[in-house]
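Summary of the model geometry
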Amino acid sequence: MLNNIYNIFFIPEIFLACSSFVCLLFGLFLKKNAFRQTSNLAVFVLLLTILLVYNDSESNFANYKSLFSHSSFINFFKILALLGSIASIIISKDYFLGIKLKNFEIPVLFLFSTLGMMLMIASNNLMSMYLAIELQSLSLYVAAAIKRDSISSAESGVKYFILGALSSGILLYGFSLIYGFTGSMNFDDISFYLSKYDNLNLGLIFGLVFVMVGLAFKVSAVPFHMWTPDVYEGAPNSITGFFAIVPKIAAVALIYRFCLVPFENFYLEWSQIILFLSIASMFLGAIAAIAQSNIKRLLAYSSIGHIGYILIALVAANDDGIKAASIYMFSYMIMNVAIFAILLSLKVKNEYLINISDLKGLSRSNPIVSLSISIIMLSMAGIPPFIGFFGKFYVFIAAIEQELYVLSVLGVLASVISAFYYLRIIKIMYFDESKSEGIINFKISFQSKIILFLSLFLIICFIFYPSLLINISASLTI
Amino acid sequence: MIDWPLVSVIIFLPLIGALIILFIKEDELTSINIKWAALLTTLGTFILSLILWLQFDYSNPSYQYEEKFRWFDDFNFFYHVGVDGISLFMILLSTFLTPLCILASWNNIKKRVKEYMLSFLFLETVMIGMFASIDILLFYIFFEAVLIPMYLIIGIWGGNRRIYASFKFFLYTLLGSVLMLIAIIVMYRNTSSMSIEFLQGNYFSYNTQLFLWLAFFASFAVKIPMWPFHTWLPDAHVEAPTAGSVILAGVLLKMGGYGFIRFSLGMLPEATEFFIPLIMTLSIVAIVYTSLVALAQTDIKKLIAYSSVAHMGIVTIGIFLVNQQGLEGAMMQMISHGLVSAALFLCVGVIYDRMHTREIEFYGGLVQRMPLYATVFMIFMLGSVGLPGTSGFIGEFLVIVGAFKVSSYVVIGAAFGIILSAVYMLYLYKRIIFGTITNNKLADILDINTREKIILIPLAISVILLGIFPNLFLDPMRLSLELIITNYEIANAK
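Being a predicted model, the structure only gives us computed values, none of them experimental.

Cut-offs applied
- Residues numbered from 1 in each chain as written.
- Chains lettered and ligands numbered in written order.
- Predicted model: local features only at pLDDT ≥ 70, side-chain atom pairs only at ≥ 80, totals over all residues.
- Heavy atoms only, no water.
- Helix = DSSP H or I, 4+ residues; strand = E, 2+ residues; numbered from the N terminus.
- Rg over C-alpha atoms; globule rule 2.2 N^0.38 Å.
- Buried < 20%, exposed > 50% of the residue type's maximum accessible area, 1.4 Å probe, protein only.
- Contact = heavy atoms within 4.5 Å.
- Lys, Arg positive; Asp, Glu negative; His and termini not counted.
- Charge placed at Lys NZ, Arg CZ, Asp CG, Glu CD.
- Axes fitted to C-alpha atoms, helices over the stretch in contact; angles between N-to-C directions.
- Parallel < 35°, antiparallel > 145°, perpendicular 65-115°, else oblique.
- Left-handed = near helix turned anticlockwise from the far one by under 90°.
- Nonpolar A, V, L, I, M, F, W, Y, C, P; charged D, E, K, R; others polar.
- Pairing = 2+ DSSP bridges.
- Core = buried A, V, L, I, M, F, W, Y, C linked by side-chain atoms within 4.5 Å.
- Buried area = accessible area lost by both parts, 1.4 Å probe.
- Salt bridge = Lys/Arg side-chain N within 4 Å of Asp/Glu carboxyl O.
- Phe/Tyr/Trp six-rings, centres within 6.5 Å; stacked < 30°, edge-to-face > 60°.
- Lys NZ or Arg CZ within 6 Å of the ring centre and 35° of its normal.
- Patch = residues over 30% accessible without salt bridge, like charges linked within 9 Å, V, L, I, M, F, W, Y side chains within 5 Å.
- Areas by Shrake-Rupley, 256 points an atom, 1.4 Å probe, with all protein chains shown as cover.

The next subject is the overall build of chain B. Looking only at helices and strands, chain B has 20 helices and two strands in total. For chain B, the C-alpha radius of gyration of 22 Å lies close to 23 Å, the compact-globule estimate for 494 residues. With the C-alpha coordinates aligned to their principal axes, the bounding extent of chain B is approximately 70 × 55 × 40 Å. Within chain B, the fraction of its 494 residues that count as buried is 67%. Restricting to contacts in chain B with at least 6 residues of sequence separation, those with at least 24 account for 82%.

Okay, the overall build of chain A next. Counting its secondary structure elements, chain A contains 19 helices and three strands. Here the C-alpha atoms of chain A give a radius of gyration of 22 Å, agreeing with the 23 Å that 2.2 N^0.38 yields for 478 residues. Seen through its C-alpha atoms, chain A measures out along the principal axes to roughly 70 × 55 × 45 Å. Expressed as a percentage of the 478 residues in chain A, the buried residues total 64%. Sequence-distant contacts, at least 24 apart, represent 82% of the contacts inside chain A between residues at least 6 apart. Here chain A carries 28 positive and 24 negative side-chain charges, and the mean point of each set is 14 Å from the other.

To continue, consider the packing of helix α4 (residues 113-132) of chain B against helix α5 (residues 136-145) of chain B. Residues and elements named next belong to chain B. At their nearest, the axes of α4 and α5 sit 8 Å apart, and the two run at 150° to each other. For the element pair α4 / α5, the angle class is roughly antiparallel. Here α4 and α5 pass one another in a crossing that is left-handed. Contact residues: α4 offers F122, T125, V126, G129 and M130, while α5 offers F139, F142, F143 and A145. Residue classes in the contact of α4 with α5 are distributed as seven nonpolar, two polar and no charged.

Our focus in this paragraph is unusual backbone geometry. The step from V222 of chain A to P223 of chain A runs through a cis peptide bond, and the omega angle for that step is 5°. Within the secondary structure, P223 of chain A sits in the loop between α8 (202-219) and α9 (227-234). Following I224 of chain B, the chain continues into P225 of chain B via a peptide bond in cis, with omega recorded as -25°. Along the chain, the position of P225 of chain B falls in the loop between α9 (206-223) and α10 (232-239). A positive phi angle, close to 55°, is found at N33 of chain A, a residue other than glycine. Secondary-structure assignment places N33 of chain A in the loop between α1 (12-29) and α2 (34-55). For S192 of chain B, which is not glycine, the phi torsion reads 60° and is therefore positive. Assignment of secondary structure puts S192 of chain B in the loop between α7 (162-191) and α8 (196-199). Note on S192 of chain B: relative accessible area 43%, which makes it partly exposed.

Okay, the sheet that holds strand β3 (residues 440-442) of chain A next. Residues and elements named next belong to chain A. Strands sit in the order β2-β1-β3 across an open sheet of three strands; the sheet is antiparallel. Looking at the sheet topology across the chains shown, the edges are occupied by β2 (351-352) and β3. As defined by bridge partners, strand β1 (residues 346-348) adjoins β2 across two bridges and the pair is classed as antiparallel. The partner of K347 across the bridge, within β2, is Y352.

Moving on, we get to the nonpolar core. Ranked by size, the top nonpolar core spans 399 residues in total, and within it F258 and I373 of chain A carry the most contacts. Beyond its immediate stretch of four places on either side in the chain, I373 of chain A contacts I339, I342, L346, L359, L362, I425 and M429 of chain A.

It is worth spelling out the interface of chain A and chain B at this point. Listed per partner, the contact involves 41 residues of chain A and 34 residues of chain B. Note on chain A versus chain B: buried area summed over both sides is about 3600 Å², and carbon and sulfur give 75% of it. Area buried by chain A at its contact with chain B is led by F393, L423 and F431 of chain A, which between them contribute 19% of it. On the surface where chain A and chain B come into contact, there are one salt bridge. Notably, a salt bridge pairs R189 of chain B with E403 of chain A, separated by 3.3 Å at the nearest N-O pair.

Residue and element names in this part refer to chain B. Within the structure shown, the criterion is met by 70 aromatic pairs over all chains. For the ring pair Y116 and W157, a centre distance of 4.9 Å and an interplane angle of 80° mean the geometry is edge-to-face. Of this pair, Y116 sits in helix α4 while W157 is found in helix α6 (residues 147-157), placing the two residues 41 residues apart along the sequence. This pair shows no difference in class: Y116 is buried, exactly as W157 is. Geometrically, the ring pair formed by F274 and F275 is edge-to-face, given 5.0 Å between the ring centres and 85° between the ring planes. Residue class for F274 comes out partly exposed when judged on its relative accessible area of 46%. In this structure F275 comes out as buried when scored by relative accessible area, which is 11%. The ring of F78 carries the charged tip of K68 above its face, separated from the ring centre by 4.7 Å.

In total, this model carries 16 salt bridges over all chains according to the counting rule given. The partner of K159 of chain A in a salt bridge is E155 of chain A, with the nearest N and O atoms 2.9 Å apart. A residue pair is termed a helical-turn pair when its members lie 3 or 4 positions apart in one helix, as K159 of chain A and E155 of chain A do in helix α6 (residues 151-182) at four residues. According to the relative accessible area criterion, K159 of chain A is partly exposed, its value standing at 29%. Judged by relative accessible area, which is 43%, E155 of chain A ranks as partly exposed. Between R358 of chain B and D299 of chain B there is a salt bridge; the shortest N-O distance is 3.6 Å. Highlighted residues: R358 of chain B in the loop between α14 (324-355) and α15 (366-369) and D299 of chain B in the loop between α12 (269-295) and α13 (300-321), separated in sequence by 59 residues. Among the residues examined, R358 of chain B registers a relative accessible area of 15% and is labelled buried. Residue D299 of chain B is classed as buried on the basis of its relative accessible area, which comes to 11%. The structure contains a network of salt bridges with shared partners spanning E155, K159, D230, E233 and R297 of chain A.

Moving on to the side chain of R451 of chain B. One can find R451 of chain B in helix α19 (residues 450-468). Among residues more than four places away in sequence, those in contact with R451 of chain B are L103, A104, W106 and N107 of chain B.

All names here are of chain B. A cluster of nonpolar residues, I457, I461, I464, L465, I468, F469 and L472, forms a patch on the protein surface that exposes about 600 Å² of accessible area. If you tally residues by element for the nonpolar patch, the top one is α19, at five residues. When you line up the elements, F469 lands in the loop between α19 and α20 (471-493). The exposure class of F469 is partly exposed, given its relative accessible area of 49%.

What follows is the structure, given as structure tokens:
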């Protein structure tokens with residue numbers, strides 16, 4: 001219980017909100033090195049927030065009359081999002097300094113967006129869910145367009161904003177339908193109300209479909225993925241890194257909670273939608289990535305593909321599915337952190353690397369970097385013994401537990417197709433002879449090096465002691 | 001018995017060697033150190049694996065040298081390794097061929113020696129690990145991990161069309177093996193166990209067996225390879241460097257046969273009974289068709305690659321006869337093919353290193369300049385044809401004896417294939433070795449040097465040894481094979 005009014009600051013979200021304002025002011029009044037100092041402070045704040053989430057402090061109070069919920073699943077994903085956000089701030093610091101984009105607002109925007117994500121993951125009410133999504137998205141719209149003098153960055157920001165606003169509108173319309181037909185905004189109340197009925201009426205089905213469309217946009221599942229490659233391509237690399245790593249975590253947690261809490265009894269209705277999204281994402285992600293020459297577009301399609309696999313676990317909708325999703329999301333985050341830590345430090349002729357073909361000859365000039373990229377790519381393709389394999393493995397366990405044989409077979413087929421473009425990157429680095437050597441240089445700061453090393457360590461060594469992560473994810477309840 | 005974890009040491013010794021090599025800096029002078037480190041590691045592994053054979057208990061049909069540790073807390077997945085009569089010689093084959101491969105690449109691999117040796121040592125670890133796994137998921141992890149080093153070996157050090165070949169190899173085999181993953185999960189779901197031992201006595205319902213069988217078939221038929229899934233093999237063989245072809249033909253193809261025995265026969269007996277006609281048909285088509293294709297080849301390596309498909313056809317016939325002679329024949333044929341085809345690829349490598357071409361037309365009359373080479377080549381060529389006294393004879397003979405018990409049509413098919421194999425191998429030998437030297441470039445070609453003798457002579461000795469004392473190899477595997485056949489017959493009698 002609340003003994004002391006100051007304890008309110010130990011609620012992770014409130015702590016993060018207040019600290020974000022402090023960071024903003026801190027950056028504003030700092031004359032020199034504002035960007036660097038604010039980034040460091042932001043990392044520190046996020047670390048403290050992780051501690052608070054981990055300690056579960058004041059969790060009862062934080063529910064605010066059931067606006068938010070509290071469970072081990074929520075805490076796990078919150079910590080995942082916070083970790084991803086810390087990693088992406090650290091690895092992008094040098095990049096921002098390198099392209100002379102020193103606005104101290106960037107880490108602050110990341111903080112606000114992370115706050116939005118934490119609320120999103122925890123939300124237990126349609127209204128709080130919508131507000132959290134908007135807080136998260138608005139920060140990201142600005143972040144995408146932060147490089148004001150670059151046309152492509154502005155274009156990607158506007159594109160993201162327009163499509164994001166559209167999807168928010170659809171989402172909101174869905175909410176209003178659900179509210180209209182159930183008379184409540186609270187997840188538990190909706191669930192209680194719906195438990196009296198055997199099937200959904202037409203209005204609720206429409207509401208459900210609209211919400212699914214909105215959420216599919218947020219996780220960038222096919223056919224609502226169009227924004228992803230363009231935004232990834234246009235935004236500065238480090239912002240792309242943030243997009244790839246963090247918001248996906250929150251959106252996936254949200255779509256899980258939305259399907260499994262208020263609509264848990266109407267599996268048949270929503271699982272068909274998710275099933276379609278899943279298959280379409282896996283195959284489009286695998287096939288469209290083959291023709292890409294821009295590494296950021298390739299990673300965009302790769303993330304669309306990964307979302308497809310996570311949605312398989314959602315279709316399975318059992319305890320194994322939740323476990324699989326958390327393991328998969330963890331591996332996804334680790335692999336993306338690793339690949340972006342490398343991409344943000346690779347320069348070709350003094351320009352940051354964009355074209356895949358520029359990786360040519362990397363295995364000669366930087367054998368360790370190219371080995372790391374190969375390991376990450378093989379892991380993303382789901383080749384054992386790396387962590388990516390276990391993510392996929394648990395997803396298929398969940399699917400087969402639910403007797404989704406056709407979906408599993410389609411899933412593995414898509415993974416074979418996607419192996420092609422991951423292998424293509426290894427091929428470019430190792431098999432292609434390059435005429436011009438030494439134009440690639442790899443310069444990485446000490447902090448990013450630690451992040452890179454840790455994530456590679458997890459990718460390679462997960463197999464030796466898997467029980468740590470698996471026991472945690474097995475105990476998660478939604 | 002041995003009280004230290006012998007099998008694990010054999011599995012991970014090459015990996016430790018690889019870790020050491022990782023920290024040797026590579027330049028002109030030190031690349032020789034890398035080669036020596038790799039050679040000594042693989043030789044050490046081979047010597048350790050000989051202990052496996054010497055200490056092997058012939059009267060025990062099940063696994064020996066078992067090691068078992070719990071690995072995943074949430075489901076019954078163990079680090080569980082051991083050796084039985086079936087896997088013993090597969091492991092020995094891997095450990096025997098890898099040092100020879102390293103020796104064979106001593107001079108002709110000039111770029112990226114370090115990566116090359118790392119790939120080979122990693123490859124050795126996963127090959128041995130795969131044959132020694134008693135846990136089905138562990139088997140799968142090793143089975144797929146084989147693709148990584150092999151992809152790099154073909155892709156980096158291969159010939160002109162190496163990129164095409166490496167992609168084809170990787171994607172083809174991956175497609176097969178992911179279906180196996182689904183099958184493994186289904187098996188786990190039905191039994192809550194991943195132990196191969198447990199699953200071999202615990203059968204699934206008939207319909208489940210049929211689906212599982214097809215999934216396993218997809219991965220092993222690509223791997224072994226059976227017609228019509230063999231098209232990746234000629235490409236991979238032709239483009240791979242010599243040592244890559246040796247491992248590919250010598251060990252990787254055996255993974256398919258090994259899988260058929262362990263999984264299809266051992267775990268899915270009723271489905272196997274149902275699918276036997278399919279396998280027999282495919283095998284006979286494979287033998288006759290690929291033999292004829294081999295006859296028409298102009299590239300020596302491609303010819304041997306097609307002959308591998310034909311020989312593997314005899315192996316699949318032997319396995320799916322499911323009687324003692326058939327299975328023993330199939331095992332002998334696998335070991336023999338592992339030695340003979342590896343040696344043939346090494347022989348091709350010898351002249352390729354000198355002349356940098358594999359066109360049959362280019363050669364002719366080599367016996368004039370290379371008498372020693374002509375002799376060892378003849379031993380392996382006759383081994384491949386199956387002349388009595390060589391290893392090839394034992395396998396083919398046993399398979400045909402076993403086939404008589406089942407169907408004379410199969411015998412006719414298999415025998416026809418053996419005749420054809422004599423035709424294309426002798427024809428090849430005649431064109432390359434006999435006659436007078438017509439090509440001026442061959443006028444001063446040198447006979448095999450000491451390094452090549454060290455590689456080829458142990459192989460020649462073991463081919464003949466296998467042909468004269470087959471019981472040396474058949475005795476350890478007999479009881480393990482009997483166990484599989486007994487279980488199979490009990491399951492189908494029900």
